[in-house]
Each structure stands twice: as C-alpha cells, then as structure tokens.
Amino acid sequence: MTSPEILASLRRLAEEFRALGLADYARGRAELHRTWADAASRVDALADDIED
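Predicted model, so just to flag it, every value in this text is computed and none were measured.

Some thoughts on helix α1 (residues 3-26)
For step 1, the next point in the chain: Its 24 residues place the ends of α1 35 Å apart at the C-alpha level, agreeing with the 34 Å of an ideal helix rising 1.5 Å per residue.
For step 2, the next point in the chain: Along α1, the positions that sit buried rather than exposed are L7, L10, A14, F17, G21 and D24.
For step 3, the next point in the chain: Close packing links the buried residues of α1 with α2 (30-51).
For step 4, the next point in the chain: Two residues or fewer after α1 comes G28, characterised by a positive phi angle close to 85°.

Next comes the structure, spelled out in structure tokens:
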C-alpha cells in the first residue's frame, strides 16, 4: 500500500467509527457514542501525523 492509500483507509475507518457512534447515540447509548468519537479522533490524529 502506498502512503496515500493508507491515509485514505485511515480516514474511512474514522468515518466508520463516527457512524457507529451516531448509531449508538440514536439507540440511547451516549457513552458508546463518546467511545466511538474518541476512537475516530485518534485515528484522524494518526493520519494527520503520517501526512506530516
């Protein structure tokens, strides 16, 4: 995999984490929503570090 492919995959993973969090929030599980949102933020930060 090339660096741009890895970055794109990480960004997609972060979006999938956010979608899972929104689904949990809609089901009344706010704590899980926060966990997914935190995971998404960490993946985004990793992608940002790799990009720099």
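Let's talk about the side chain of D44
For step 1, the next point in the chain: With respect to the secondary-structure elements, D44 resides in helix α2.
For step 2, the next point in the chain: Here the side chain of D44 touches R11 through a polar contact of 3.4 Å, side chain to side chain.
For step 3, the next point in the chain: In this structure D44 touches R11, A14 and R18, once residues within four positions along its chain are discounted.

Brief notes about the packing of aromatic side chains
For step 1, the next point in the chain: Under the criterion given, the structure shown has one aromatic pair.
For step 2, the next point in the chain: Each ring, one from F17 and one from W36, has its centre 5.3 Å from the other, and the planes form 45°; the classification is tilted. In this pair, F17 is assigned in helix α1 and W36 in helix α2, connecting sequence segments 19 residues apart.

A few points about the pattern of salt bridges
For step 1, the next point in the chain: This structure, assessed with the given rule, holds nine salt bridges.
For step 2, the next point in the chain: A salt bridge links D44 to R18, with the nearest nitrogen and oxygen atoms 2.4 Å apart. In this pair, D44 sits in helix α2 while R18 sits in helix α1, placing the two residues 26 residues apart along the sequence.
For step 3, the next point in the chain: Overall, the relative accessible area of 29% leaves R18 in the partly exposed class.

Definitions and cut-offs
- Residues numbered from 1 in each chain as written.
- Predicted model: local features only at pLDDT ≥ 70, side-chain atom pairs only at ≥ 80, totals over all residues.
- Heavy atoms only, no water.
- Helix = DSSP H or I, 4+ residues; strand = E, 2+ residues; numbered from the N terminus.
- Expected span 1.5 Å × (residues − 1).
- Buried < 20%, exposed > 50% of the residue type's maximum accessible area, 1.4 Å probe, protein only.
- Contact = heavy atoms within 4.5 Å.
- Polar contact = N/O pair within 3.5 Å; in protein donor to acceptor, adjacent residues only side chain to side chain.
- Phe/Tyr/Trp six-rings, centres within 6.5 Å; stacked < 30°, edge-to-face > 60°.
- Salt bridge = Lys/Arg side-chain N within 4 Å of Asp/Glu carboxyl O.

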